[in-house]
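Architecture and fold: a report
Chain residues, written in single-letter form:
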Amino acid sequence: MTAQNLPHEPEFEQAYKELASTLENSTLFQKKPEFRKALQVVSVPERVIQFRVVWEDDQGNVQINRGFRVQFNSALGPYKGGLRFHPSVNLSILKFLGFEQIFKNALTGLNMGGGKGGSDFDPKGKSDNEIRRFCVSFMTELCKHIGQDTDVPAGDIGVTGREVGFMFGQYKKIRNQWEGVLTGKGGSWGGSLIRPEATGYGVVYYVEHMIKHASGGKESFAGKRVAISGSGNVAQYAALKVIELGGSVISLSDSQGALLLNSEEGSFTPEEINQIAAIKVERKQISELASTSAFASKFKYIPGARPWTNVTGRIDVALPSATQNEVSGDEAKALIAAGCKFIAEGSNMGSTQDAIDVFEAHREANAGASAIWYAPGKAANAGGVAVSGLEMAQNSARVNWTSEEVDSRLKGIMEDCFKNGLATAQEYVTPAAGSLPSLVAGSNIAGFTKVAEAMKDHGDWW
Ligand code: GLU
């Protein structure tokens, strides 16, 4: 069975085709035709676990949700990837996320396989007690299938340190083991410093290298106007790091609407970002803050909108950091028209295939620094899972590294991730004269070949 036989899994199909098309359009299969077989094998999960999650709401009613864990690939290490709690969760979404995670984790250079899981449970509007009861019930089943050397889940959309805590506690009770079975833990009980910040910081570190490379070392984030979507953990820390590096943050958003500066000058301040972070802890919407006088005088709030076509003035960098398929082909064109030169995904599969085609065509048709340069999530947002890998290493060694130590390792991993994608693109894809190498092709080929070679060594294909 190949991915092409599964038309009822549109998100997985999209992720598979995105990877497969970049491999096909490179010289990889000419140089190594046997890798076609590896692509077929890697696109089928090693194991999919589906289960029932029954929990009690605050009114005493029985509630039922679906739970999943896709253990996609363990060639490079234990299955590793987050848990997503969101009403949209289904097997197609978790297979796409698990598939992306295999290659992302390979790009970090750490020993992690790929997996993803979650539930169609909606944390919005739930009380803390309901969330705790749900997490306990979810882990009562999941704990049979995971372990520090088997499968190490973490957070994703709807799963923060609080949920990780409830799940960790239940795992420990049932298995009677304190082990690094989840990452994103609290700092006093095994969590790594910088893990909450890592995905957002990592995206910005990655884009720093893009800017430096494209400008021949002349430019940095200083003075850049950065449009960000989302307002969760990734968006918040990306925004704070952009500001620290001298850039301006000109938009944020949530599932209900976009909040944008209403002038061509200025930036969100760290205080405003912290206010947004505080309401998100309470699972509230940005619209509640947008209507306060302090926000209403500086920002426009557009219900139901995404930031890309609504920014006042120029955009230099776009960081989609909300969810999958949050940049359409038309929005990609609008970003280019607004002057955007760098787009890097904090979210997984943030761009539709149409949008990627627009970005890649523009890169091919323009020389160097005048082109838009697109970095896919599996490279640009690898910092989160990378620090999860560092958390696993600290747990195994029973040590805690300082923030400086973790941050410096994160910077090194993001630099390697960028340089690996760049060098691999230069090796396998012939760019149009003067154009920048394709980071999407380079990252896909680098991640895929590493996993394919390990699988061959293990006798998974021949
Ligand atoms: N959910 C995050 C991702 O998409 C992090 C996964 C992890 O830390 O295991 O990469």
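Up top is the structure.
Every chain begins its residue count from 1, and numbering advances along the sequence as written. Side-chain atom pairs in this predicted model are given and counted only at pLDDT of 80 or more, local residue features only at pLDDT of at least 70, and totals for whole chains, interfaces and linings cover all residues. Hydrogens and water molecules were not included; the side-chain quantities draw on all heavy atoms of the structure.

The helix count covers DSSP runs of H or I at least four residues long, the strand count covers runs of E at least two residues long, and both are numbered beginning at the N terminus. A helix's residues, less one, multiplied by 1.5 Å, set its expected span. Counted at 1.5 Å a residue, the expected span for helix H17 (residues 439–457) with its 19 residues is 27 Å, and the 27 Å between its end C-alpha atoms agrees. Relative accessibility decides the category of a residue: with a 1.4 Å probe and only protein chains considered, values under 20% of the type maximum give buried, values over 50% give exposed, and everything between is partly exposed. Most of H17 sits out of view: 15 of its 19 residues are buried. Just beyond H17, the residue with positive phi is Gly459, at close to 80°.

Among the six residues that make up strand E4 (residues 114–119), six are buried, leaving the element largely enclosed by the rest of the structure. Here E4 shows two buried faces, one formed by Gly114, Lys116 and Gly118 and the other by Gly115, Gly117 and Ser119. The rule for pairing is simple: two strands pair if DSSP sees at least two bridges between them. Relative to E4, strand E2 (residues 62–73) runs antiparallel, the two being bridged by six bridges. The partner of Phe68 across the bridge, within E4, is Gly118. By the bridge criterion, three bridges tie strand E3 (residues 79–85) to E4 in an arrangement that is parallel. Across the sheet, residue Leu83 finds its bridge partner in E4, namely Gly117. A crossover links E3 with its parallel partner E4, the connecting element being helix H4 (residues 91–107), and its sense is right-handed. We call a crossover right-handed when, viewed with the strands running away from us, the connection from the first strand over the helix to the second turns clockwise.

Relative to E2, strand E1 (residues 47–56) runs antiparallel, the two sharing ten bridges. For Glu56, the partnering residue across the bridge sits in E2 and is Val62.

Quick look at the packing of aromatic side chains now. Centres within 6.5 Å are what make two rings of Phe, Tyr or Trp a pair, Trp counting through its six-membered ring; a difference in plane orientation under 30 degrees is then read as stacked, over 60 as edge-to-face, and the rest as tilted. Per the stated rule, a full pass over the model turns up 25 aromatic pairs. With a centroid separation of 5.3 Å and an interplanar angle of 50°, the aromatic rings of Phe51 and Phe138 are classed as tilted. Taken together, the residues Phe51 in strand E1 and Phe138 in helix H5 (residues 128–142) connect sequence positions 87 residues apart. On the accessibility criterion, Phe51 (10% relative accessible area) is buried. By way of ring pairs, the aromatic residues Phe12, Tyr16, Phe35, Phe72, Phe99, Phe103, Phe448 and Trp461 are connected into one cluster. Here the guanidinium or amino end of Lys241 rests over the ring plane of Tyr201, the centre of that ring lying 4.3 Å away. A ring has a charge above it when a Lys NZ or an Arg CZ is no more than 6 Å from the ring centre and no more than 35 degrees off the ring normal.

The phi angle of most residues is negative, glycine excepted, and most peptide bonds adopt the trans form. Unusually for a residue other than glycine, Ile194 sits at a positive phi of about 75°. Inspection of the secondary structure puts Ile194 in the loop between helix H6 (161–175) and helix H7 (195–214). Here Arg398, not a glycine, exhibits a phi torsion of approximately 55°, which is positive. With respect to the helices and strands, the residue Arg398 is situated in the loop between helix H15 (382–397) and helix H16 (403–428). Among the residues examined, Arg398 registers a relative accessible area of 62% and is labelled exposed.

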